[in-house]
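# Survey of secondary and tertiary structure
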Amino acid sequence: MQDQKTSEQFSSKEFIMRDLSLERTRLKLKELQSGFIDDMEEKMQRVLADVIKEVGNPENDQKLFDESLNCLDKMKPTREGTLPDKQFLTRNSLLTDLFEIKHIRTIYHIFVAILIILFLNTLIYDLTDTGRPKFGFGLILWNFGDIKTVIMIWICMMAGVFSLYLMFHFYASNRHKVPLKHLKLWDQCWLVAFILYVCALLYFPLASLLEHNLPPASSLIVLMEKIRLMMKSYAFVRNNTPKVLAYQPKDSNNDKQSHSPCPGFSQFLYYLFAPTLVYRDSYPRTDSVRWRVVAWSFTEVIGIIFYVSFIFERLLKFQFEHFGKSRVESKDVIVSIFNTMMPATLAMLCAFFCLLHSWQNAFAEMLCFADRMFYKDWWNSTSFSTYYRTWNVVVHDWLYTYVYKDFSENVMPNDRVMPKLMVFAISALFHEYILTFTFRYFYPVMLFMFGGAGVALTFVQRKGAGGNIFMWLSLCMGTGLFLSLYTMEWYARINCPKELGYWADLIVPRSWTCNFMKQ
């Protein structure tokens, strides 16, 4: 009996101790729960307050937007007195993100609707005029004629670029073997070889283009691809030459580098097709290729080619095709220029979307290239200085990195005006170079508008809606004037007799000597 009573006492104590333990655990968990909830509520309140503050202040929104687009593409300078370097990040093109907003997507749909209207307009005109539809194929097939020659020229250019890599690899791999007294001569010889390579790249494709008399679009492909390869070649050599000069063979084992300071061929090949002109050994990459995005991007390119063809056939061609056949009054020219401004602006927007959005995004997607900031919000610019920096980020990055930055740091330190003028001069000259050999005549409208008036407009600083309206008004008028003058000169050379010698006729615009200028 005594043993049974003792056992019951112990059982009661165990139950009591277990209950107390459970109660303490419950209270502790409740205390932790309460503290966790209070802490989360406090943090959520702070986050919501910050969000409300940002949303409620438009200036903060604009600042956030500008920083995401304008500041994050440059790294902080590594040394005092130097300019920041280009920074590659994982990001979409701006229009890709904006098209997720249904209101912005509607603008895209409006442009598609305009394309359909132009298509129907062209179809009805063809049926009533010739009795059979042409769908703008005539103008497209003529512009992209002799495509086999274009492909052969491109293959030869690519062979030349590959030979540059082989030469640079040989130079980089053997430089440390050259005796010190011959090292300067070794470097100078390879510098001369590189200059000869650039001259050959500029000359031989152009000579072949002129020999086969390629039409405008085919000529434009050859000339733009030649300039692209030249810019990429310079960037590759410029980025890697300092590494070669600083290379010491004894460091290769310690740093686990390859025997040659020259990047691998796979790196060079990827850079050659990547949608950037600034060389890096590696770039941010996406995980996979979305082939539907690639297909749709190329579909947009084809659609825009027809778009521009319809614009020229239905809205521009009839205004200038008779130029030179009969007397043209000055007032008629002025009216034609103003009639051209809206179609020219539409063609300019199509060219922007085709080259800087659809084409670049197609190659970026195929190569898993993650940084797709090929342009910024140039349409919001309130000054031309901002417009030039945001319209074509791909070319701007090259000019900034290899012209403006190098000139500022190595030639004229602390000077910002001369490097800026150098950028404009180089850009204007190469734009004029492309146009001159595309159309086979020198008419320096682009040189004057971009290298003259364009530079002057960068010093005109306006803010707000007025500045944006001024930018758009100047852009529309300039594009209309540019397209009108080049189109008049094109038809003047078709319809007007040649009155000057061979070289003078190439330099002096024939539209100046055509019958509308004569009394």
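Residues numbered from 1 in each chain as written. Predicted model: local features only at pLDDT ≥ 70, side-chain atom pairs only at ≥ 80, totals over all residues. Heavy atoms only, no water.

Named according to an unreviewed UniProt entry, the chain is O-acyltransferase originating from Cloeon dipterum. Of the comments in the UniProt record for the chain, the one headed Sequence similarities (unreviewed entry) reads "Belongs to the membrane-bound acyltransferase family. Sterol o-acyltransferase subfamily." UniProt annotates the chain under Subcellular location (unreviewed entry) with the comment "Endoplasmic reticulum membrane". (UniProt positions renumbered as here; feature names shortened; annotations may be inferred.)

This next bit is on the overall build of the chain. Scanning the chain from N- to C-terminus turns up 18 helices and 0 strands. By the burial criterion, 39% of the 519 residues in the chain qualify as buried. Sequence separation of 24 or more characterises 74% of the internal contacts of the chain that already satisfy a separation of 6 or more. Of the accessible surface of the chain, which amounts to about 30,400 Å², a share of 66% is contributed by carbon and sulfur atoms. (Helix = DSSP H or I, 4+ residues; strand = E, 2+ residues; numbered from the N terminus. Buried < 20%, exposed > 50% of the residue type's maximum accessible area, 1.4 Å probe, protein only. Contact = heavy atoms within 4.5 Å. Areas by Shrake-Rupley, 256 points an atom, 1.4 Å probe, with all protein chains shown as cover.)

Turning our eyes to something else, we now look at empty space enclosed by the protein. In this approach, a probe sized like a water molecule rolls over the atoms, and the result shows the empty space that is left. For the coordinates displayed, the defined rule picks out 1 cavity of 30 Å³ or more. Every residue lining the largest cavity is listed: Lys86, Phe88, Pro275, Thr276, Phe369, Asp371, Met373, Phe374, Val393, Val394 and Asp397. Of the residues that constitute the lining of the largest cavity, the class distribution is 7 nonpolar, 1 polar and 3 charged. (1 Å grid on protein atoms, 1.4 Å probe; cavity = no way out; pocket = protein on both sides within 12 Å on 5 of 7 lines; lining within 4 Å. Points joined across faces, edges and corners; volume = space filled by probe spheres on them. Nonpolar A, V, L, I, M, F, W, Y, C, P; charged D, E, K, R; others polar.)

The computed volume of the second largest pocket comes to approximately 680 Å³. Looking at the second largest pocket, it is lined by 22 residues, and the ones nearest its centre are Phe99, Ile107, Tyr108, Phe111 and Phe353. For the lining of the second largest pocket, a count of residues per class yields 19 nonpolar, 2 polar and 1 charged.

The description of two helices packed together rests on the angle between their axes and the distance between the axes. At a minimum axis separation of 9 Å, helix α4 (residues 102-129) and helix α11 (residues 291-320) run at an interaxial angle of 50 degrees. Taken together, the axes of α4 and α11 lie oblique to each other. The way α4 lies across α11 gives a crossing that is left-handed. Taken together, the residues of α11 that come into contact with α4 (itself represented by Tyr108, Phe111, Ile114, Leu115, Leu118, Phe119, Asn121, Thr122 and Tyr125) are Trp296, Glu300, Gly303, Tyr307, Phe310, Ile311, Arg314 and Leu315. Partitioned by chemical class, the residues of the contact of α4 with α11 number 12 nonpolar, 3 polar and 2 charged. (Axes fitted to C-alpha atoms, helices over the stretch in contact; angles between N-to-C directions. Parallel < 35°, antiparallel > 145°, perpendicular 65-115°, else oblique. Left-handed = near helix turned anticlockwise from the far one by under 90°.)

Every buried residue of helix α10 (residues 265-273) is accounted for by Phe268, Tyr270, Tyr271 and Leu272. Lining the buried residues of α10 we find α6 (147-174) and α8 (216-245).

Topologically, Arg280 is positioned in the loop between α10 and α11. Apart from the residues lying within four places of it in its own chain, the contact partners of Arg280 are Asp85, Lys86, Phe88 and Asn239. A distance of 3.0 Å separates a polar atom in the side chain of Arg280 from the backbone oxygen of Lys86. (Polar contact = N/O pair within 3.5 Å; in protein donor to acceptor, adjacent residues only side chain to side chain.)

This paragraph deals with the nonpolar core. Note on soluble globular proteins: their nonpolar side chains tend to be buried together. Ranked by internal contacts, the top residues of the largest apolar core, which has 83 residues, are Phe168, Phe236, Ile311, Phe352, Tyr375 and Trp398. Here Phe236 is in contact with Tyr165, Phe168, Cys262, Pro263, Phe268, Tyr271 and Tyr279, once residues within four sequence places are set aside. Counting residues in each nonpolar core, the second largest holds 23 residues, with Val328, Tyr441, Leu485 and Cys514 among its members. (Core = buried A, V, L, I, M, F, W, Y, C linked by side-chain atoms within 4.5 Å.)

Before going further, it helps to examine helix α16 (residues 445-457). When we look at burial in α16, the residues that qualify are Val445, Met446, Phe450, Gly454 and Val455. Tucked into the core, α16 has its buried residues touching α13 (384-391), α15 (417-439) and α17 (464-495).

Under the defined criterion, the tally for this structure stands at 11 salt bridges. When the shortest N-O distance is used, the salt bridge between Asp371 and Arg91 registers 2.8 Å. Here Asp371 is found in the loop between α12 (330-366) and α13, whereas its partner Arg91 is found in the loop between α2 (58-71) and α3 (94-98), with 280 residues between them in sequence. Considered together, Asp371 and Arg91 belong to a single accessibility category, that of buried residues. Across the pair Glu365 and Arg372 runs a salt bridge, and its minimum N-O distance is 2.6 Å. Accessibility assignment for this pair places Glu365 and Arg372 in one class, buried. Three or more residues are tied together by salt bridges with common partners; here these are Asp85, Lys405 and Glu409. (Salt bridge = Lys/Arg side-chain N within 4 Å of Asp/Glu carboxyl O.)

With that settled, consider unusual backbone geometry. If you check the backbone angles, Asn213 has positive phi at about 50 degrees while not being a glycine. Positionally, Asn213 belongs in the loop between α7 (183-211) and α8. A relative accessible area of 55% places Asn213 in the exposed class. The phi dihedral of Cys368 is positive, around 55 degrees, even though this residue is not glycine. Tracing the sequence through the fold places Cys368 in the loop between α12 and α13.

For the coordinates displayed, the defined rule picks out 56 aromatic pairs. With a centroid separation of 6.0 Å and 50 degrees between ring planes, the pair formed by Phe168 and Tyr171 is classed as tilted. Placement of both Phe168 and Tyr171 in helix α6 is noted, with a separation of 3 residues, approximately one turn of the helix. In this structure Tyr171 comes out as buried when scored by relative accessible area, which is 6%. An aromatic cluster is present here, built from Phe162, Tyr165, Phe168, Phe170, Tyr171, Trp186, Trp190, Phe236, Phe265, Phe268, Tyr271 and Tyr279 joined pairwise through their rings. Note that Lys232 overlies the ring of Tyr271, its terminal NZ or CZ placed 4.1 Å from the centroid. (Phe/Tyr/Trp six-rings, centres within 6.5 Å; stacked < 30°, edge-to-face > 60°. Lys NZ or Arg CZ within 6 Å of the ring centre and 35° of its normal.)

Right, let's get into the UniProt feature "transmembrane region" (unreviewed entry) in the chain. The UniProt record marks residues 107-127, 147-168, 189-210, 293-312, 333-359, 441-460 and 466-488 with the feature "transmembrane region" (unreviewed entry), using the residue numbering of this structure. Secondary structure content for residues 147-168 is 100% helix and 0% strand, while the C-alpha to C-alpha distance between its ends is 32 Å. Here residues 293-312 runs as 100% helix and 0% strand, with 29 Å between its end C-alpha atoms.

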